[in-house]
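Spelled out from the first residue to the last, the chains are:
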Amino acid sequence: MKTLVADHPLVAHKLTTLRDETTDSPTFRRLADELVTLLAYEATRDVRVADVTVTTPVGPAEGVRLTRPQPLVVPILRAGLGMLDGMTRLLPTAEVGFLGMVRDEGTLKATTYATRLPDDLSGRQCYVLDPMLATGGTLAAAIQLLLDRGADDVTAICLLAAPEGIAHLEEALVNVEVPVRVVTAAVDDHLNENGFIVPGLGDAGDRLYGVV
Ligand SMILES: O=P(O)(O)OC[C@H]1O[C@H](OP(=O)(O)OP(=O)(O)O)[C@H](O)[C@@H]1O
Ligand SMILES: O=c1cc[nH]c(=O)[nH]1
Ligand SMILES: [Mg+2]
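No experiment lies behind these values; they were computed from the predicted model shown.

**Student:** How would you summarise the overall build of the protein chain if you had to cite specific residues and measurements?
**Tutor:** Of the regular secondary structure elements, the protein chain holds 6 helices and 13 strands. Radius of gyration (C-alpha) of the protein chain: 17 Å, near the 17 Å computed for a compact globule of 212 residues. Of the contacts formed within the protein chain by residues at least 6 apart in sequence, a portion of 70% connects residues at least 24 apart.

**Student:** Give a detailed account of the site of ligand 1, specifying residues and quantitative values.
**Tutor:** By nearness alone, 22 residues border ligand 1, and R78, A134, T135, T138 and G205 come closest of all. The set of elements that each furnish at least two residues to the shell around ligand 1 consists of β6 (98–103), β9 (132–133), α4 (137–148) and α6 (204–209). For the shell around ligand 1, the leading source of residues is β6, giving 3 residues.

**Student:** Requested: an account of the confidence of the model for the protein chain, with residues and values cited.
**Tutor:** Keep in mind that low pLDDT regions are not for reading the predicted coordinates in detail. Per-residue confidence for the protein chain gives a mean pLDDT of 97; residues scoring 70 or more make up 100%. Here the predicted complex carries an ipTM of 0.98, next to a pTM of 0.97.

**Student:** Give me the lowdown on unusual backbone geometry, citing residues and values where you can.
**Tutor:** Residue P69 is reached from R68 by a cis peptide bond, and omega for that bond is 0 degrees. Inspection of the secondary structure assignment puts P69 in the loop between β3 (60–66) and β4 (72–77). Cis geometry is found at the peptide bond from L77 to R78, where omega equals -5 degrees. Within the secondary structure, R78 is located in the loop between β4 and α3 (84–90). In this structure, L108 takes a positive phi of about 65 degrees despite not being glycine. You can see L108 is positioned in the loop between β6 and β7 (110–116).

**Student:** An account of the nonpolar core is requested, with residue identities and associated values reported.
**Tutor:** L35, V128 and I157 are the most contacted members of the largest nonpolar core, which totals 51 residues. Broken down by element, the residue count for this core peaks at 8 residues, all from helix α2 (residues 25–43). With residues up to four places along the chain from it excluded, the contact list for L35 reads V11, K14, L15, L18, L159 and A185.

**Student:** Hey, could you go over the pairing of β6 for me, with residue numbers and the actual values?
**Tutor:** Pairing of β4 with β6 involves 2 bridges; the strand directions are parallel. Residue L77 lies in a different strand from β6, and its bridge partner there is G100.

**Student:** Please provide a residue-by-residue account of the UniProt feature "binding site: uracil" (unreviewed entry) in the protein chain, values included.
**Tutor:** If you check UniProt for "binding site: uracil" (unreviewed entry), the listed places come out as I197, G202, D203 and A204 in our numbering. Within the secondary structure, G202 sits in the loop between β13 (197–198) and α6. With respect to the helices and strands, the residue D203 is situated in the loop between β13 and α6. Here D203 falls in the partly exposed class, since 14 other C-beta atoms lie within 10 Å of it.

**Student:** Could you give an account of the environment of L35, with specific residues and numbers?
**Tutor:** Looking at the secondary structure, you find L35 in helix α2. When the 24 C-beta atoms within 10 Å are taken as the criterion, L35 is described as buried. In this structure, the C-alpha to C-alpha distance between L35 and L15, residues 20 residues apart in sequence, is 7.5 Å.

**Student:** Outline the environment of N194, listing residues and values.
**Tutor:** Note that N194 resides in the loop between β12 (190–191) and β13. Given 10 C-beta atoms within 10 Å, N194 falls into the exposed group. N194 sits 89 residues away from E105 along the chain, and the two C-alpha atoms are 7.5 Å apart.

**Student:** Summarise α4; cite the residues concerned and give the values.
**Tutor:** Compared with an ideal rise of 1.5 Å per residue, which puts 12 residues at 16 Å, α4 spans 16 Å between its outermost C-alpha atoms and is within 8% of the ideal. Within α4, burial applies to G137, T138, L139, A140, A142, I143 and L146. Phi for G150, located one or two positions after α4, is positive at around 105 degrees.

**Student:** I'd like a rundown of the packing of helix α1 (residues 9–19) against α2, residues and numbers included.
**Tutor:** Following both chains from N to C, one finds α1 and α2 inclined at 155 degrees, their axes separated by 10 Å at the closest point. Taken together, the axes of α1 and α2 are roughly antiparallel relative to one another. Here α1 and α2 pass one another in a crossing that is left-handed. Residue-level inspection shows L10, V11, K14, L15, T17 and L18 of α1 in contact with α2, the latter providing F28, L31, A32, E34, L35 and L38. Class assignment of the residues belonging to the contact of α1 with α2 gives a composition of 9 nonpolar, 1 polar and 2 charged.

Parameters and conventions
- Residues numbered from 1 in each chain as written.
- Chains lettered and ligands numbered in written order.
- Predicted model: local features only at pLDDT ≥ 70, side-chain atom pairs only at ≥ 80, totals over all residues.
- Helix = DSSP H or I, 4+ residues; strand = E, 2+ residues; numbered from the N terminus.
- Rg over C-alpha atoms; globule rule 2.2 N^0.38 Å.
- Contact = placed C-beta atoms within 7 Å.
- Near = placed C-beta within 6 Å.
- pLDDT = per-residue confidence, 0-100.
- Core = buried A, V, L, I, M, F, W, Y, C linked by C-beta atoms within 7 Å.
- Buried ≥ 20, exposed ≤ 12 C-beta atoms within 10 Å, placed from the backbone.
- Pairing = 2+ DSSP bridges.
- UniProt positions renumbered as here; feature names shortened; annotations may be inferred.
- Expected span 1.5 Å × (residues − 1).
- Axes fitted to C-alpha atoms, helices over the stretch in contact; angles between N-to-C directions.
- Parallel < 35°, antiparallel > 145°, perpendicular 65-115°, else oblique.
- Left-handed = near helix turned anticlockwise from the far one by under 90°.
- Nonpolar A, V, L, I, M, F, W, Y, C, P; charged D, E, K, R; others polar.

Dropping the structure here:
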């Protein structure tokens, strides 16, 4: 598994405001959306394209087009939903599947409460959206589910990651032969005793959608 940290002053600038506890929900949603589009630019570097020729008003031009099947974008509910528009802005023809997952606040184990995905993902490139890679339990289960359905290339886009979560993912996916990448705006210092990323940004789902 490869981890790529987007090293760009605009990413760092937006992430800093996102972290700030005084940033309100509407601003948080807008910044998350903008950050995803910047991260998606990096994350789609290996998106599959085929050579095509088009005719400009002046003559033929060699170019590329996205190949079929189109990539599948999978936001992990709830918080991943706040990343969907920013992603589809860059990949408007992608299909979208959904995974609903929640982490138990006591055990920190993730469970899946909703799955709406194609049964057969053979030959598909998948982009998983989840702002927080904390213990890595959620993303490990989500990526495994996509691989079990035949996905042959998976990229997770996160706003923040913890070193513990990256290590857990690397271990969980050690025998996986297809390419798996994590693209994130930053790798933070550590997880606290409640499984929260430090310094992090708090609970991404709550900051996007309120406490439920
Ligand atoms: O890496 P992990 O330790 O598994 O934790 C990360 C998960 O926790 C959060 O979701 P949460 O369970 O809070 O659900 P929500 O998005 O509905 O708020 C976050 O959005 C990730 O999905
Ligand atoms: O720091 C964290 C860890 C898990 N989920 C969050 O929303 N934030
Ligand atoms: Mg949450």
